[in-house]
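Single-letter residue listing:
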Amino acid sequence: MRHNKKFNHLSRTASHRKSMLANMAISLIMHKRITTTLAKAKALKKYVEPLITRSKEDTPTHVVWCSAISRTSML
């Protein structure tokens, strides 16, 4: 049965998918536009929207959460 299998695996392992989405999120935030496929864009949307929502509030919890997700201090 396909219970709770809604996200696209993008034909990649979990670690590759996680690092790819993190790199794409950093590129999207820094450059404001990236060129990618529709499937990757849909997967990235679910990854980036909570990051943007939580980064709007300047609380210590949200700062730590966003920096852990993005893995960079350049943002």
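Quick look at the structure, then.

Cut-offs and rules
Counting restarts for each chain, with residues numbered from 1 along the sequence as it is written. Reporting in this predicted model follows two pLDDT cut-offs: at least 70 for local features of residues, and 80 or more for side-chain atom pairs to be given and counted; totals over whole chains, interfaces and linings ignore these cut-offs and use all residues. Each side-chain value is worked out from all heavy atoms of the structure, with water and hydrogens disregarded. The secondary structure listing takes helices from DSSP runs of H or I that are at least 4 residues long and strands from runs of E that are at least 2 residues long, numbered from the N terminus. Relative accessibility thresholds used throughout: buried, under 20% of the residue-type maximum; exposed, over 50%; partly exposed, between the two (1.4 Å probe, protein chains only). Accessible surface area values rest on a Shrake-Rupley calculation with a 1.4 Å probe, where residue burial reflects the displayed protein chains alone. Remark: nonpolar core denotes a set of buried residues (Ala, Val, Leu, Ile, Met, Phe, Trp, Tyr, Cys) joined through side-chain atoms within 4.5 Å. Throughout, a contact is declared for two residues whenever any of their heavy atoms are within 4.5 Å. Axes here refer to lines fitted to C-alpha atoms; in helices the fit is confined to the stretch in contact. Angles between the N-to-C directions go from 0 to 180 degrees. Every angle not falling under 35 degrees, over 145, or within 65 to 115 is termed oblique; those three ranges are roughly parallel, roughly antiparallel and roughly perpendicular. Rotating anticlockwise by less than a right angle from the far helix to the near helix defines a left-handed crossing, while the corresponding clockwise rotation defines a right-handed one. Here the term charged refers only to Asp, Glu, Lys and Arg, the term nonpolar to Ala, Val, Leu, Ile, Met, Phe, Trp, Tyr, Cys and Pro, and the term polar to all other amino acids, Gly among them. By this rule, a helix spans an expected 1.5 Å times one less than how many residues it contains.

Topic: the overall build of the protein chain
Scanning the protein chain from terminus to terminus reveals three helices and zero strands. The order of helices and strands in the protein chain, counted from the N terminus, is α-α-α. Across its three principal axes, the protein chain shows a C-alpha extent of roughly 40 × 30 × 20 Å. For the protein chain, the proportion of its 75 residues judged to be buried stands at 20%. When the accessible surface of the protein chain is totalled, it reaches about 6100 Å², and 57% of it is carbon and sulfur.

Points about the nonpolar core
If you look at the biggest cluster of nonpolar residues, it comprises eight residues: L10, M20, L21, M24, A25, A43, L44 and V48. Looking at this core, the elements that each hand over two or more residues are α1 (14–31) and α2 (38–55). For this core, the leading source of residues is α1, giving four residues. Residues within four places of M24 in sequence aside, it is in contact with I34, T36, K40 and L44.

Considerations on the packing of α1 against α2
Viewed as axis vectors pointing N to C, α1 and α2 meet at an angle of 70°, and their least axial separation amounts to 10 Å. Classified by the interaxial angle, the pair formed by α1 and α2 is roughly perpendicular. Considering the relative orientation of α1 and α2, their crossing is right-handed. For the pair α1 and α2, the contacting residues are K18, M20, L21, A22, M24, A25, L28 and I29 in the first and K40, A43, L44, Y47, V48 and L51 in the second. Among the residues making up the contact of α1 with α2, the classes are represented as 12 nonpolar, no polar and two charged.

A few points about unusual backbone geometry
Residues other than glycine seldom take positive phi values, yet N4 does so here, at roughly 60°. Mapped onto the fold, N4 is located in the segment before α1. Residue classification places N4 among the exposed positions, given a relative accessible area of 75%. If you check the backbone angles, K32 has positive phi at about 65° while not being a glycine.

Notes on α1
Under the 1.5 Å per step criterion, the end-to-end length of α1 is 25 Å for 18 residues, consistent within 8% with the ideal 26 Å. Here α1 has its buried residues at R17, M20, L21, A22, M24, A25 and I26. A positive backbone phi angle near 65° is found at K32, which sits one or two residues after α1.

Read these as spatial facts, not as claims about activity.
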